[in-house]
Each structure stands twice: as C-alpha cells, then as structure tokens.
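# Chains, contacts and geometry: an overview
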Amino acid sequence: MPKRKDLKSILLIGSGPIVIGQACEFDYAGSQSLRSLREDGIETILINSNPATIMTDPSMADHVYLKPLTTKSIVEILKAHPQIDAVLPTMGGQTALNLCIEADKKGIWEDFGVELIGVDIDAINITEDREQFRELMLKIGVGMAPQATATSFLKGKEIAQEFGFPLVIRASYTLGGAGASIVYKPEDFDEQLSYGLEISPIHEVMIDKALMGWKEYELELLRDKNDNVVIICAIENMDPMGIHTGDSITVAPAMTLSDRTYQKMRDMAIHMMRSIGDFEGGCNVQFAVSPDEKEDIIAIEINPRVSRSSALASKATGYPIAKVATKLAIGYTLDELDNQITKSTSALFEPTLDYVIVKIPRWNFDKFEGSDRTLGLQMKSVGEVMGIGRSFQEALHKATQSLEIKRNGLGADGKGYKNYDQIISKLTIPSWDRVFVIYDAIQLGIPLSRIHEITKIDMWFLKQYEELYFLEKEISKYTIATLSKDLLLEAKQKGFADRQIAHMVDCYESEVYNKRTELNINRVYKLVDTCAAEFKAMTPYYYSTFEAEIEKPDGTRYVENDSIVTDKKKIVVLGSGPNRIGQGIEFDYCCVHGVLAAAECGYETIMINCNPETVSTDFDTADKLYFEPVFWEHIYDIIRHEKPEGVIVQLGGQTALKLAEKLSKYGVKIIGTSFDALDLAEDRGRFSEMLLKNNIPFPKYGIAETADEASELADKLDFPLLVRPSYVLGGQGMKIVINKEELEEHVVDLLRKIPNNKLLLDHYLDGAIEAEADAICDGEDVYIIGIMEHIEPCGIHSGDSNATLPPFNLGELVMQQIKDHTKKIALALNTVGLINIQFAIKDEVVYIIEANPRASRTVPFIAKAYKEPYVNYATKVMLGEKKVKDFNFNPQLEGFAIKQPVFSFNKFPNVNKNLGPEMKSTGESILFIDSLKDDEFYNLYARRKMYLSK
C-alpha cells in the first residue's frame, strides 16, 4: 500500500537549541525528514527555535517558525494553519516528544483535529515511565535488572536498603542521562536521590541494581504498518555498562557478540518494539549482556524515536534511517521503498558492513573549570567523531586523529602518560582520555589481564591495542631507510599516521610520505554501500584504506580504487570536524550552503568531514563525500587524488582555517581570502600595524612569551588586562586579570597547556559596550550583512552574549564608525568572502577587538533573521562567479531578533557559572520581539551585568 492520501500538511517539531545530550544529530534527522516529506508533495510546517541549523533554513520547509518550543507557540501555528493534518514529533529528540505529550495532555491535538504520526502517546509513556516499562517487559518475558520506582525520598531509602550497593538512580522523562548516577556508598545516596527526584518532571526515579562490567549494545530498528521490521545496525559499546552511551566509544558492527546471542537479541528487540505500541517508524533499543559464557541479556531501555545512535547508524551503514522512518510514518511499507544507496534493492534488505566504524565522543572539560571529569551515567560530551576503516584498528586510529586534541592517533607521539599510579587511576575512574591511556598502560608493561580486571573492557579490544603496540615496537627498530615495504604497509593498514611512523623511526613526516609514495603505498578509496559490495551502489560516499597490490596474469600490479575521478572542475569544502564549545553546528550550516552554492556555479562538489551528526556528511549533500579525518595527511591525499580547482577553508571554522597555511605551502589554491590575509588577521603585530595605518583605534596591547615579559608589559598597559593565547577558537584560555599575582598564575598555566604560544595582553576596556559586524567583501566592495549589539558588557565572550540585531541604542556617530571600520578592515585584509569584526565602544569611540576573515557563529543567525541566503552569496563571491554589486540585497526584519545563548551547566553542578571571555554556551536560540518594550528584552537587559567574572 502506498502513502496515505489524507496527509497533505504535516507539522514537524524540532529539537531546539543544542545542549549536551541533544545535539545536531536531530538537525540531521529533521532535515532528512523534511526533504522526505517534500518529495511526496506534502506541505511542511516546522517549529524550531535554533537559528544555527540547516533545518531552520527557509529552503527546508514550506513554513519555518523560529519560535520557542512551547504549547503556546504550537497553538499559534495551528491557528495560522488550520490545514495541518498531522504532527511528526520523533525527529526532534526528547524535547519534541515532551512537548508533544504536554500538548496531548492539554487536549491541543484533539481540539485542532491533528493526528500524531511516527509514534503513539502510549508508546512514549510506556518507555518513559520506568515502572510501566518494567511491568511490560516482565509480562513479555524480557529480562531486566532488579529495579523499583520511588516517588518519595522515604521510598527510595527503603529500596536501597533492600537491594544493597552499587545502585543506579535514573530520573524519569529526562534527556542525556540527566539526574542519573551510580551510587557506590550509602553516604552519597541521599544527595543523588534528592537530585533525581527534583530533576524529573514527574518527580519519579527508578532505582536499579547496577550491572557494573556488563557489556552494552544498541540496535536500531525500523517498522512499517504491515509489521515488517528491519534491524539497520548493531552497535557495541567498547566501554562496559556504567558510562552513558553518548560518552562511550562505540563500534559497528558488534565485535564480541556470539551469533547465537545476537539472534536472541534481535528477537527480543523486535518483540519489545511490537509490544510498546502500534506505530510506524524508528526505534532504538539498548541491552546489557553478561561478560561470561552464558551471555545473559537484559533490556536497559527503548526509545521510540530517532536518536543520537540512529544518526551514527545512518552514517555507518549508508541507510538514511530518518528519511525512511518518515516515509513509513506517512504510510509507505519497507518493501515499497528503494535502498537510497544502491537504488536497485529494497529498503527491506538489512545493511551489511564490510568495514568497521568507531565513534569517539569529544569533550570540552577545559571550559568548565572545577568540573567532575569522570564519565558516568550523565552524558557530558559535546560532540563526536567517526572513523571508518577496513579493521577495528584502522577505524580506531582514524577516529582518534579526527578528535583535534593535538594527538596523532594512539601512541607514537611522545604525549602518553608514563606514571604507573596515574595510569592505574585513569583506568579505574573512566575519564575522557581513557582511549589513549589503555595504550599507555600496555606500553608501560601492565598486563592485559590487569587492564581488563580494572576496566572490564572486553579482552578482544585490548588484544587489538596490544597488536598496535607490538607493531610500534617492531618499527622502532628500523630507520626510514631500512624500514621494509611490508612493515610500512602493515602500519598504514592499521591506521598509523605518517607523523606517528616518523616518530617511531625518528625522521620527518614528509620523509615517511615520500617513502610510501615511492613504494606505491597509496590510499585507495572504498564505497560505503550498505550491501558489502553485493550490489552496485550509486552513491559516492567514500572512506580511505590501504591495500596490498594485486598482480594480474600479465604481471601488471594494481590496487582497486572505487573513487573514479571525473574531468569536471571541482571544489573541495573542508568541514569543521567534531562539535565543541566555540565551534558548533553553525559551521555545518555554512559548509552545506557553500557546497550547494558551488554546485549552482557548475562545480563538482567534494565534502571532507568526520562528524557523523551533521547534514554536511549526509551522502547526498555534496557530489562526493569523503568521510575522513580533517587531518592533514588525509586531506592532502584526497586533493592529490581529485586535483580540485581549490579548497574552501573559511566555512569550516577554526578546524579548516588551521590547515590553510599547509595547503598554501603545498601549492593548493585556497578559494576566497588568501592564507596571507588570514594570517594577517591572526598575527596581532601585523594586524595592529594595519589598523594604525588606517587610523583605526584599538585597545593598547603587547605580546609576551614568558611570565617575566607579561609582568613587564603589565606596567605599560595598566590593569585590568585581557590575556589570551593566539590561534584559538571560542575564547579558549582567555581571562581578565586585575593584578600581578593573577597575571602570573594564568600565564604560567597557559604556557603549560599550550607550549610555545604567543600570549596577547590587551588593556581591557572596562564598562565598554560590545558590538560585532558581519560582511561580504569581493576585494573591491563591502556589503555589511548585519551589525549586532551585545546586551552584556564587553568582556563576556560574544558566543555567550545575547546579541541584538539591529543594535538597540548605538547612536549615529557610533554606527557610522562601525560601518567605516568594517569596510576599511575588510578591504585592507584583501577579504574575498565573509568577515566578522568585533568592536568595543567606550565614550563614543569604536575600538577594534578582533577581525576574523571567515564565516562566523553569527552568520546563520543573521541569514535567518533577515531571510537572506548570505552564505550562498559569499560562496559565489569566493569562487569569483559574482561581485557584491551583482546581488539584490533585500533584508526583511520588523522589530528585533535576539540571539540567546543556551548553557548546559546542569551537567556540571559544581562549576563556576560566571561568564567571562572564555565561551561556555553549547547552543543558541532566536527570539523575535516587536519593540524594546517587550518584557523579555527588559529582563535580559536588567540582568546583563550579573554574570561578568574577572
């Protein structure tokens, strides 16, 4: 049966601002879903308050409402669109499901005759109410850990007494493990119980006997209305139970599960999905398996929606779960839909992998001083990376190279821990760098049995690590001249980077690169094809690996490469890697628009990125997707293979920008603003000279490389001082200091964390107003796309400030200075494309804080507020296809738009929540107001100085 004829208009609920536990994987799911509905001619209405995402782009839905996610907004939309037939809430994470339940309780869907599709309310309630869920599982014969529900403090204490420790406390109806904790000792129990009861919207907690050391697995399911069920992917957590799956290193396909247990687990998952409700769509089921021969299976939970893992599973298998789930919700059956990659097989075929994927989370603990860095049941990571390889070892190495934490992979970079006690402690208490510490432990000679005993990580994974260490030890016996082809090929097949091999044999990275080129050890590219090459795939989605040469009967030797290079002119867009504080989804928005604009100009587009949560790594965004680390060696090999016209670096945040120097050095053309101009903006000395030459004021500053130099400078500059390292993003390491003791302490700390860095000391303009401008420049003309005024005073990072577009109280004199300075700086930097400039205004004088000749965090916000595709325009300028004067700019905004930061401090209860020059927000929302008399504006303005910390 094809799709339902009665569904002509559908409301989709987005997930709102990005917070820890609910990130841009829901932007990816929502974007796919909207495209899927529009393919079928269905009118789409979207509500989402996040301006940084592709999902809220006007091109994505017929009607986009950038409104707060409340039932009040829902009612407004339903009144404006009485034609809405149904609501699809499963693409917007827990936020959308919770809003959907609230609207149902208030009778809103019933009042407006709106049907719920993709899930039913009963299914949500059963899965969220842990007592109901437990009863249902026992009824259908699915095992669960001993657990009980508490709705009061006294009841919780009774349960603890009955079960004994360790215990797990989980709060009902929360996201990302909020309110969940493992309690080992009775003295910690009271506090955790109170917190769980408080944070649960229905003041209920489930207390379980902790299954410490059990193995954890996830299955992604899809079901249609005929009750066909497919399992898209089985994911194994390398970390055992006790660490939130969002903070775990995960591997697909499952590596250490016997086939007998896997089949049993499949049957249980299908049985569970069928039992929770009669609905069509996606589902995520989590299991624990005992680490002995018995392999007992226990259900942990089931989520009747697309999840963080379904974005990962989609990228891992090439099977677009959100897209297919949407088709099922509107009435299609799996056997009627095509597999999106092969185009010739049905969506009812389950994907098979002939490669391995490894996901590693990315944390940002350095932003939360004093935070508890141990990993547990509450998710703390802000993003993730995925590596694809022919083996677990290769995929693990590629994932560690993607993290951008100044590591080149596992070991072989001189940065490992060498202290026995420290290593044992880091293995015992799970920490963000445990993936590296396991290698350090093996290197130190700690036996695998001891590492297994402490971490409970399966021996299979530990043996894989050990093999890598043995290979490093073997290679270290040679020099670059005596290293054999076989050993070098084995190292590359196991994922070691040229830099790591150079470290082992004590030579330069370029020497390793030259040697492997001479020996014809080159990367080959393989398709992600969902069917282990059983059927021909039509989708250009690639990963790299190394293969031994095959010899033909006639003696010629070759290596098989799936990536065929065309003779079209090509453009590479470098993505922004894993999300982190300071570089989030807004750069993904910019990259996607850059790709689409380059395609409009007739180029074949090539995307390189390693973030599985994003739209840029969707296999049909660019003409070719290379799912590879944004890491020099990988990028250079792709460029040599594809020979593009050039590379766009200014859309991928600091990640892509950092590679500009090397690209330039190797003769690769940078599209748009040149490396020299990018460097001029970063080099404080050169930048200040340029400002002096153009009579543009800036705060007094100096550069120091030691604590002594900083102290001497302080005498000339006067306190308060703003201290910051160069070449960082999101205000990393920035601090305002008010005396010599504070200055010395901060400088010593910075130079320890970032050795050999030049530190910039600026006189801090106390009490100044901060503003920023974004502009497009073609080298001749400058068009300012937006000027924003921050509600908070200067000194709070621009990403943490409420920014108002247009400004609300800057006089004409100040506005004219901002416009003049912006134009002068954009031209003096030879900008071709986008530029963002930040200003401090004191006594009617506009000072320059900094200029960034690249896409900035605020560009998507301005584009949404003014309803103009600015990234599209800027890309066409970069490519030389258009000049600024060729565009008919027509911004439309009545009243004001305010960009409001959103924080995830609830994950770090003991952290200082004061704001300062280092960015701490994880996401943002947009608020439209008609006038400055609006209550919300008044509230923001009244408390603007509350958080400033020096």
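Our structure's up above, just so we're on the same page.
Each value, and the rule that gives it
The residue numbers shown here count from 1 along each chain, following its written sequence. Only residues with pLDDT of at least 70 are given local features in this predicted model, and only at 80 or more are side-chain atom pairs given and counted; all residues enter the totals for whole chains, interfaces and linings. Calculated side-chain values reflect all of the structure's heavy atoms, with hydrogen atoms and water omitted. For every residue, the accessible area obtained with a 1.4 Å probe (protein chains only) is divided by the maximum for its type, and the residue is called buried under 20%, exposed over 50%, and partly exposed between those limits. A run of DSSP states H or I qualifies as a helix once it reaches four residues; a run of E qualifies as a strand once it reaches two. Both are numbered from the N-terminal end. Should DSSP find at least two bridges between two strands, the strands are regarded as paired. Every case where a carboxyl oxygen of Asp or Glu lies within 4 Å of a side-chain nitrogen of Lys or Arg is listed as a salt bridge. Only the stretch in contact is used when fitting a helix axis, every axis being a line fitted to C-alpha atoms; angles between N-to-C directions are given from 0 to 180 degrees. Should an angle fall under 35 degrees it is taken as roughly parallel, and over 145 as roughly antiparallel, whereas 65 to 115 is taken as roughly perpendicular and any remaining angle as oblique. Put simply, a crossing is left-handed when the front helix is turned counterclockwise from the back one by less than a right angle, and right-handed when it is turned clockwise. Working rule for contacts: check all heavy atoms of both residues, and any pair within 4.5 Å makes them a contact. Note: the arc covers the axis-to-C-beta directions of the helix. By this rule the span expected of a helix is its residue count minus one, scaled by 1.5 Å. Residues enter a nonpolar core if they are buried and are Ala, Val, Leu, Ile, Met, Phe, Trp, Tyr or Cys, with the set joined through side-chain atoms within 4.5 Å. Here a polar contact is taken to be a pair of N or O atoms separated by no more than 3.5 Å, where protein atoms must pair a possible hydrogen donor with a possible acceptor and residues adjacent in sequence count only if both atoms sit in side chains.

With that out of the way, let us pick up the pairing of strand E28 (residues 759–763). The buried fraction of E28 amounts to four of the five residues, a majority that puts the element mostly inside the structure. By the bridge criterion, five bridges tie strand E26 (residues 721–725) to E28 in an arrangement that is antiparallel. Among the inter-strand pairings, Leu-722 is bridged to a residue of E28, identified as Asp-762.

Scanning the entire structure with this criterion turns up 56 salt bridges. The partner of Asp-372 in a salt bridge is Lys-380, and the shortest N-O contact between them spans 3.8 Å. Taking relative accessible area as the criterion, Asp-372 reaches 43% and is therefore assigned partly exposed. Salt bridges sharing common partners tie together Lys-492, Asp-498, Arg-516, Arg-523, Glu-633, Asp-637 and Arg-640.

Attention shifts here to the packing of helix H14 (residues 434–444) against helix H15 (residues 448–455). Between H14 and H15, whose axes approach to 10 Å, the crossing angle comes to 150 degrees. It follows that H14 is roughly antiparallel to H15 by the angle criterion. H15 is crossed by H14, and the crossing has right-handed handedness. Across the interface between the two elements, Arg-434, Ile-438, Ala-441 and Ile-442 from H14 touch Leu-448, Ile-451 and Thr-455 from H15.

Think of a sheet as strands paired side by side through backbone hydrogen bonds, with each pair either parallel or antiparallel. On the basis of which strands lie adjacent, the open sheet formed by six strands has the order E17-E18-E23-E22-E21-E24 and mixed pairing. Because the sheet does not close on itself, it has two edges, and the strands there are strand E17 (524–527) and strand E24 (646–648). The average angle at which neighbouring strand axes cross in this sheet is 30 degrees, direction not considered. Bridge analysis of strand E21 (residues 570–574) against E24 gives three bridges, and the strand direction is parallel. Bridge pairing links Val-573 to Ile-648 in E24.

The next thing to look at is the environment of Val-911. As for its placement among the helices and strands, Val-911 is situated in the loop between strand E34 (896–902) and strand E35 (923–929). Take Val-911: its relative accessible area is 6%, and that puts it in the buried class.

This brings us to H15. For H15, every residue scored as buried is listed here: Leu-448, Ile-451, Ile-454 and Thr-455. All buried residues of H15 lie within an arc of 130 degrees about the axis, which places them on one face of the element. Its buried side turned inward, H15 meets helix H13 (420–428), H14 and helix H16 (459–475). Lys-456, located one to two residues past H15, shows a positive phi value of around 65 degrees.

Taking 1.5 Å as the rise per residue, helix H20 (residues 585–600) with 16 residues should run 22 Å; its terminal C-alpha atoms sit 23 Å apart, in good agreement. Burial analysis of H20 places 13 of its 16 residues in the buried class, which makes it a mostly covered element. Once H20 ends, the next one or two residues include Gly-602, with phi positive near 90 degrees.

Right, let's get into the sheet that holds strand E9 (residues 205–209). If you trace the four strands from one edge of the open sheet to the other, you get E6-E9-E7-E8, paired in antiparallel fashion. Every interior strand has two partners, whereas the edge strands, strand E6 (147–150) and strand E8 (181–183), have only one. Adjacent strand axes in the sheet meet at a mean angle of 25 degrees when their direction is disregarded. Taken together, the three bridges between strand E7 (residues 167–171) and E8 define a ladder with antiparallel strand orientation. Looking at the pairing, Val-168 lines up with Ile-182 of E8.

It is worth spelling out the nonpolar core at this point. Formed by 171 residues in total, the largest nonpolar core has its most connected members in Val-358, Leu-574, Val-649 and Leu-663. Ignoring sequence-local partners within four residues, the contact set of Val-649 consists of Leu-574, Ala-656, Leu-657, Ala-660, Leu-663, Ile-670 and Leu-678. Membership of the second largest hydrophobic core comes to 55 residues, among which are Ala-96, Ala-123, Met-137 and Ile-302.

What follows concerns the environment of Asp-637. Here Asp-637 lies in helix H21 (residues 632–642). Sequence separation between Asp-637 and Val-524 is 113 residues, and the spatial gap between their C-alpha atoms is 9.4 Å. Setting aside chain neighbours within four positions, we find Asp-637 in contact with Tyr-513, Arg-516, Arg-523 and Tyr-525. A polar contact is formed between the side chain of Asp-637 and the side chain of Arg-523, at a distance of 2.5 Å.

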